[in-house]
Amino acid sequence: MNRLSYTSTRDNTLKIGAAEAVVRGLSQEGGLFVPERIPGLPLSLSGLAKLNYKELSYEIMKEFLTGFTEEELKSCIDRAYDEKFDDPAIAPLKEAGGTYYLELFHGPTIAFKDMALSILPHLMTTAAKKEGTGNDIVILTATSGDTGKAALSGFADVEGTRIIVFFPKDGVSPIQKRQMVTQKGSNVFVAAVEGNFDDCQSAVKRMFADTALKEKAGAGGFQFSSANSINIGRLVPQIVYYIYAYGQLMNRGAVREGEEINIVVPTGNFGNILAAYYAKNMGLPVKRLICASNENKVLYDFFRDGVYDKNRKFFLTSSPSMDILISSNLERLIYHICSDSAERNSELMRQLAEEGKYAITPQMKELLKDFRGYYASEEETGSRIASLFKETGYVIDPHTAVASASYEKYKSDTGDSTVSVIASTASPFKFSRSVLGAIEPGRYSDGADFELIDRLSELSGVAVPPAIDEIRNAPVLHKCVCEKERMGEVVTDYLLGGR
Ligand SMILES: *Cc1c(COP(=O)(O)O)cnc(C)c1O
């Protein structure tokens, strides 16, 4: 088979295989690993539509992870997409109000990051064995909510790994926080940080670049890696479900083979929508990629003006996983639209680091013509939850509602009636207070979280997911709160404590 190499968005001289890219997570000089070319779809669309989720995962992932044997990859896939998912379809497609919702929240933490984080630990330990370093892998993660729990649940008690998760103390929902601080596992550490998500993420990035820290950890038999959405092992599994959605649309006669669809993605770190862009570049018939933001609409402004500017007020919204001003994965898109030039990309990323902004050229902007940026205010997000429920009985979470409200704006702006798929990224049960507050305003401002969950179940006729039930009475195991300047110490204390 034709081996696919990976290079760095900031150093084109680098050329490594998929396994090494998965183990390393982030490149030495701060760049992200990207495939040197995007492979084409391995089968016809109708051929792909016949496959179940696991079979399709293998067909797509083998194109990107060329160093893995068939047996290795299939074993990773089997261990990831099993009964941990509460729907045999893994990513079922639901229709509501004439639009399709791709439900990516049937995994163990009822949010879309499970789609990738249930397989990443297996890809990583398989890759580490191939690379033969002998070190334990230490996952360092900054989370705005969902990644943290999904990574903890994916890595807990996976042999040869440790996982350390930092979350912004006041920047995640009560349920998200509870999910994290109750996490079991002999290899997990969770800390709340006095700061916002960008503070957490920047500190983690600095730790990855800190050679002294790396040497210290190396001496203790540890090697850092990242489970954040910058890891190529996160991105590749996410390509699968867009192709799966297309197959489901074909199977139910909603599109003819080859007919274009739109994909709408509620966006934070730009990983999920980048996966859709890769699917399109593999040959999936996609007309528009609609990037939906909440009030932190840095991406909306970017797609409109060609200027990325993070110097702005930061809002805490009802869709906390999208409260992000630096969308890390955008760097991969920037790299691709500057003709895969690490030099030009590095210059823009330097401007971002130093001035907090950069502008792309008109030629680069032309290459973004299939993207549309839209955003929804808090009010529009709540109204969309309420109106969709009223019209169809279908309940969506605030992140999905940002996408749905954005899509409504897109439709009324363009009159485009192309069949559209909205990535539905979290179960409404994870955000009961906001969801109920939108559907029955004023009634739930001070109910206890679990009462709200029961009420939501009653109202929507959907059973409370097992993941929620599990944490109801679980004891709090993680109480560490740290200043953002001290995150490095927390890491060395946990790993090397007694030594
Ligand atoms: C992480 C997350 C997003 C944003 O996805 P990105 O890949 O970071 O753009 C949206 N919704 C939910 C519920 C999430 O957890």
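Residues numbered from 1 in each chain as written. Predicted model: local features only at pLDDT ≥ 70, side-chain atom pairs only at ≥ 80, totals over all residues. Heavy atoms only, no water.

1. Focus on the packing of aromatic side chains
For step 1, the next point in the chain: Applying the stated criterion across every chain yields a total of 19 aromatic pairs.
For step 2, the next point in the chain: When the centroid spacing of 5.3 Å and the interplanar angle of 55 degrees are considered together, the rings of Tyr101 and Tyr394 count as tilted. Of this pair, Tyr101 sits in strand E5 (residues 99-103) while Tyr394 sits in the loop between helix H17 (378-392) and helix H18 (398-414), placing them 293 residues apart in sequence. Grouping residues by exposure puts Tyr101 and Tyr394 together as buried.
For step 3, the next point in the chain: Ring pairs connect the aromatic residues Phe64, Phe270, Tyr277, Tyr278, Phe302, Phe303, Tyr308, Tyr358 and Phe371, which therefore count as one cluster.
For step 4, the next point in the chain: The aromatic ring of Phe68 is capped on one face by Lys130, whose charged end is 5.8 Å from the ring centroid. (Phe/Tyr/Trp six-rings, centres within 6.5 Å; stacked < 30°, edge-to-face > 60°. Helix = DSSP H or I, 4+ residues; strand = E, 2+ residues; numbered from the N terminus. Buried < 20%, exposed > 50% of the residue type's maximum accessible area, 1.4 Å probe, protein only. Lys NZ or Arg CZ within 6 Å of the ring centre and 35° of its normal.)

2. What to know about the pairing of strand E6 (residues 136-142)
For step 1, the next point in the chain: Most of E6 is tucked away, with six of its seven residues classed as buried.
For step 2, the next point in the chain: Bridging between E6 and strand E9 (residues 222-226) involves five bridges; their strand directions are parallel. When the bridges of E9 are listed, Ile139 appears paired with Ser225.
For step 3, the next point in the chain: As paired strands, E6 and strand E7 (residues 161-168) are joined by six bridges and run parallel to one another. (Pairing = 2+ DSSP bridges.)

3. Concerning the pattern of salt bridges
For step 1, the next point in the chain: Tallying each qualifying case throughout the model produces 32 salt bridges.
For step 2, the next point in the chain: Notably, a salt bridge pairs Asp301 with Lys297, separated by 3.2 Å at the nearest N-O pair.
For step 3, the next point in the chain: For Asp454, the salt bridge identified is with Arg472, shortest N-O distance 2.9 Å. With a gap of 18 residues between them, Asp454 in helix H20 (residues 449-460) and Arg472 in the loop between helix H21 (466-471) and strand E16 (480-483) connect regions that are remote in the sequence.
For step 4, the next point in the chain: The class of Asp454 is partly exposed, set by a relative accessible area of 37%.
For step 5, the next point in the chain: Here Arg472 falls in the partly exposed class, since its relative accessible area comes to 24%. (Salt bridge = Lys/Arg side-chain N within 4 Å of Asp/Glu carboxyl O.)

These results come straight from atomic positions and should not be treated as a statement about function.
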